[in-house]
Amino acid sequence: MPSSPDPTTSSEPLDSLILHTTDNALSWITLNRPEAMNAVTWDQRERIIALLDAASGDPGVRAVVITATGRGFCAGADLRGAPTTGERVPGDVARTVRRGAQRLISAVLDCEKPVIAAVNGTAAGIGAHLAFACDLVIAAEPATFIEVFVRRGLVPDGGGAYLLPRLIGPHRAKELMFFGDAVSAADAERLGLVNRVVPADVLEKTAREWARRLAAGPTRALALTKQLVNASLEADRATAFAAEAAAQEINMTTADANEGVAAFVERRAPSYRGR
């Protein structure tokens, strides 16, 4: 007898649950499952990963924005839609984490274009980590961030124990992870978890303005800068300096680097093309 469909899995088309538009060199990814506070299922996560990967390889995309509809940015992972293979065996959980939440966070960190999180509401668990992995974070005033794992008796996953100490130091990170208290947007800005807090009605406008500024910049230089900053957190000085020199060597072969130098010499504003 065939199994009945999972009632918790949405029958809506995937491209209506993860909206995507590209205009003016901006890739705009919107989580659109407001009734579930934008908790992401397995297939939705795969679409986000694919869109970030596509942005890296598309010269027409020069900045990415991740945002959401409704009251929540992302309430975490909804594993109810994940494919199952029957009885769980040792190693299944670790494999699920590696292939799931960790791949999502890695996709943001590894994206070759700058990624902005426009956090409209609650960001919990992997949803908070999705925001923290972005290069810049703009939060609406009603937004909150919750390390919800301890409330469920779980260990933080999706890169939480990697990201938070690097953003706010180990003591603050442990405080958030040990207690699982909700952090307001204002407190998140004070701690250094977000770059800017804005009224909810100007969140999209602010994110678009920032993204357009990034899209008008030297795209390859920004990508190399992102890689240098991310790698520097685990590198000694000699390694970091060597990477910096190599990145500058690579960057000086780009048209944008030549344009930037020429614009400086000619005392005019540069016109970057992302190449």
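For the structure given in this document, a descriptive report is provided here. (Residues numbered from 1 in each chain as written. Predicted model: local features only at pLDDT ≥ 70, side-chain atom pairs only at ≥ 80, totals over all residues. Heavy atoms only, no water.)

1. Some points on the packing of aromatic side chains
Centre distance and the angle of the planes are the two values used to describe a pair of aromatic rings.
Consideration 1: Under the defined criterion, the tally for this structure stands at 1 aromatic pair.
Consideration 2: Relative to Phe-145, the ring of Phe-132 has its centre 5.5 Å away and its plane inclined at 25 degrees; by these criteria the two rings are stacked. Taken together, the residues span a long stretch of sequence, with Phe-132 in helix α5 (residues 126-132) and Phe-145 in strand β8 (residues 144-146) at a distance of 13 residues. There is no split in this pair, since Phe-132 and Phe-145 are both buried.
Consideration 3: One cation-aromatic arrangement involves Arg-166 over Tyr-162; the distance from NZ or CZ to the ring centre is 3.9 Å. (Phe/Tyr/Trp six-rings, centres within 6.5 Å; stacked < 30°, edge-to-face > 60°. Helix = DSSP H or I, 4+ residues; strand = E, 2+ residues; numbered from the N terminus. Buried < 20%, exposed > 50% of the residue type's maximum accessible area, 1.4 Å probe, protein only. Lys NZ or Arg CZ within 6 Å of the ring centre and 35° of its normal.)

2. Some details on the sheet that holds strand β3 (residues 63-68)
Consideration 1: Read across the open sheet, the 6 strands follow the order β1-β2-β3-β5-β7-β10; overall the sheet is mixed. Every interior strand has two partners, whereas the edge strands, β1 (18-23) and β10 (196-198), have only one. This sheet shows a mean twist of 20 degrees between the axes of neighbouring strands, independent of strand direction.
Consideration 2: As paired elements, β3 and strand β5 (residues 115-119) share 3 bridges and run parallel to each other. The partner of Val-65 across the bridge, within β5, is Ile-116.
Consideration 3: Of the strands in this sheet, β1, β2 (26-31), β3 and β5 touch helix α2 (residues 42-57), which is tilted by about 15 degrees from β1. (Pairing = 2+ DSSP bridges. Axes fitted to C-alpha atoms, helices over the stretch in contact; angles between N-to-C directions. Contact = heavy atoms within 4.5 Å.)

3. Overview of the pairing of β2
Consideration 1: Burial analysis of β2 places 6 of its 6 residues in the buried class, which makes it a mostly covered element.
Consideration 2: Judged by which residues are buried, β2 turns out to be covered on both faces: Leu-26, Trp-28 and Thr-30 on one side and Ser-27, Ile-29 and Leu-31 on the other are all buried.
Consideration 3: With 6 bridges joining them, β1 and β2 adopt antiparallel strand pairing. Its bridge partner being in β2, Thr-22 is matched across the sheet by Ser-27.
Consideration 4: The antiparallel hairpin formed by β1 and β2 contains 2 residues in its connecting segment, where Asn-24 sits at a positive phi of about 50 degrees.
Consideration 5: You can see the chain leave β2, run along α2 and come back into β3, and the turn it takes is right-handed. (Right-handed = clockwise from strand over helix to strand, strands pointing away.)

4. Notes on the packing of helix α10 (residues 219-232) against helix α11 (residues 237-251)
Consideration 1: It is at 10 Å that the axes of α10 and α11 come closest, and there the two elements cross at 170 degrees. For the element pair α10 / α11, the angle class is roughly antiparallel. Residue-level inspection shows Arg-220, Ala-221, Leu-224 and Leu-228 of α10 in contact with α11, the latter providing Ala-243, Glu-244, Ala-247, Ile-250 and Asn-251.
Consideration 2: When its residues are assigned to classes, the contact of α10 with α11 shows 6 nonpolar, 1 polar and 2 charged. (Parallel < 35°, antiparallel > 145°, perpendicular 65-115°, else oblique. Nonpolar A, V, L, I, M, F, W, Y, C, P; charged D, E, K, R; others polar.)

5. Considering the pairing of β5
Consideration 1: For β5, a buried count of 5 out of 5 residues is recorded, marking the element as mostly surrounded by other parts of the structure.
Consideration 2: Burial along β5 is two-sided: the face carrying Val-115, Ala-117 and Val-119 and the face carrying Ile-116 and Ala-118 are both buried.
Consideration 3: Summarising the sheet, β5 and strand β7 (residues 136-140) pair through 4 bridges and their orientation is parallel. Considered in β7, the bridge of Val-119 is made with Ala-139.

6. Details of the sheet that holds strand β9 (residues 182-184)
Backbone-to-backbone hydrogen bonds join strands into a sheet, with any given pair of strands oriented parallel or antiparallel.
Consideration 1: Strand order in the open sheet made by the 4 strands is β4-β6-β8-β9, with mixed pairing throughout. Lying at the two open borders of the sheet, with one neighbouring strand each, are β4 (72-74) and β9. Direction aside, the axes of adjacent strands within the sheet are offset by 20 degrees on average.
Consideration 2: Two elements, β4 and strand β6 (residues 122-124), share 2 bridges in a ladder whose sense is parallel.

7. With respect to the pattern of salt bridges
Consideration 1: Summed over all chains, the structure comprises 14 salt bridges.
Consideration 2: The residue Asp-23 makes a salt bridge to Arg-208 at a minimum N-O spacing of 3.8 Å. Of the two residues, Asp-23 is situated in strand β1 and Arg-208 in helix α9 (residues 203-215); the sequence distance between them amounts to 185 residues.
Consideration 3: Take Arg-208: its relative accessible area is 18%, and that puts it in the buried class.
Consideration 4: One salt-bridge network, held together by shared partners, links Asp-23, Glu-204 and Arg-208. (Salt bridge = Lys/Arg side-chain N within 4 Å of Asp/Glu carboxyl O.)

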